[in-house]
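Residues per chain are reported as follows:
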Amino acid sequence: LGHIQVGVVVVDVEDLTAQGEAVGVDTGGGQSDDHIAGLHVFVVQISDTPKEVSSTDAMARCQQSPYWHVYLEQAAQAADAAAMAILQKDFAALRDAMHSNAFQLHALTLTCQPPICYFTPKSLELVRHVLRSCKGLGICCTMDAGANVVILSEETAYPFIKNEIIALGLPYIQSRIGGGAVPVV
């Protein structure tokens, strides 16, 4: 209830609220989900086949990448940016932090030896569709280590989700921040 995933970084909103109040940021009265209330989460299933490389094995391989330390630094910056965006209810800044972290992670996996690529043609198609649409809508996406795409959207972007994403016919799980998941087949 009090957590949001930003790429591979999980932000604890309750801790964030306390930190924000400590530095004088208006945190909306202390309700942990006030900062992200009204956001929808869609996990779009691109593939139901097991990953060729597990997340654990992939992260071990990533530590051998020449960009590992750069990624760690950038991930920390993305987490800080996401935390501030949540506190300030700035969806555009949250979107930028999520996109930055997610795509830096996948760039990192491509620099491993041997390289790891979790993207599939369908996941890339969906990510590109969201990226083309995100500047005019409250929508963004991320992927962890796998082909499935996670979309975060503001309430105002729901018509786009319904007409452009759900209409693709892919299985998905929908949830609202603060509520339970609703499986849809």
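Each remark here, short or long, concerns the structure printed above.
Residues numbered from 1 in each chain as written. Predicted model: local features only at pLDDT ≥ 70, side-chain atom pairs only at ≥ 80, totals over all residues. Heavy atoms only, no water.

J.: Just checking my understanding: could you explain the nonpolar core for this structure?
T.: Where a protein is soluble and globular, its nonpolar side chains tend to be buried together. One finds Val 44, Ile 139, Val 149, Ile 151 and Ile 165 to be the most contacted residues of the largest nonpolar core, which totals 20 residues. Secondary-structure elements contributing two or more residues to this core are β3 (40-44), α5 (121-133), β4 (139-142), β5 (149-153) and α6 (158-165). Filtering out sequence-adjacent residues up to four positions away, Ile 151 remains in contact with His 40, Val 41, Phe 42, Val 44, Leu 126, Val 130, Ile 139, Cys 140, Cys 141, Ile 161 and Ile 165. In this structure, Ala 58, Cys 62, Ala 75 and Leu 105 belong to the second largest nonpolar core, which totals 12 residues. (Core = buried A, V, L, I, M, F, W, Y, C linked by side-chain atoms within 4.5 Å. Buried < 20%, exposed > 50% of the residue type's maximum accessible area, 1.4 Å probe, protein only. Helix = DSSP H or I, 4+ residues; strand = E, 2+ residues; numbered from the N terminus. Contact = heavy atoms within 4.5 Å.)

J.: Can you walk me through unusual backbone geometry in this structure?
T.: Leaving glycine out, the prevailing phi sign among residues is negative, and the prevailing peptide bond configuration is trans. Of the consecutive residues Gln 113 and Pro 114, the connecting peptide bond is found in the cis state with omega at -5°. Although it is not a glycine, Lys 89 adopts a positive phi angle of roughly 55°. Following the sequence through the fold, Lys 89 ends up in the loop between α3 (68-87) and α4 (91-110).

J.: Help me understand the packing of α3 against α4, please; the structure alone is not making it clear to me.
T.: Axes are the key here: two packed helices are described by the angle between their axes and the distance separating the axes. Axis separation between α3 and α4 bottoms out at 8 Å; the angle between their running directions is 160°. As judged from the angle between their axes, α3 and α4 are roughly antiparallel. Crossing handedness for the pair α3 and α4: left-handed. Across from Trp 68, Tyr 71, Gln 74, Ala 75, Ala 78, Ala 81, Ala 82, Ala 85 and Ile 86 in α3, the residues of α4 making contact are Ala 93, Leu 94, Ala 97, Asn 101, Gln 104, Leu 105 and Leu 108. Considered class by class, the residues forming the contact of α3 with α4 number 13 nonpolar, three polar and no charged. (Axes fitted to C-alpha atoms, helices over the stretch in contact; angles between N-to-C directions. Parallel < 35°, antiparallel > 145°, perpendicular 65-115°, else oblique. Left-handed = near helix turned anticlockwise from the far one by under 90°. Nonpolar A, V, L, I, M, F, W, Y, C, P; charged D, E, K, R; others polar.)

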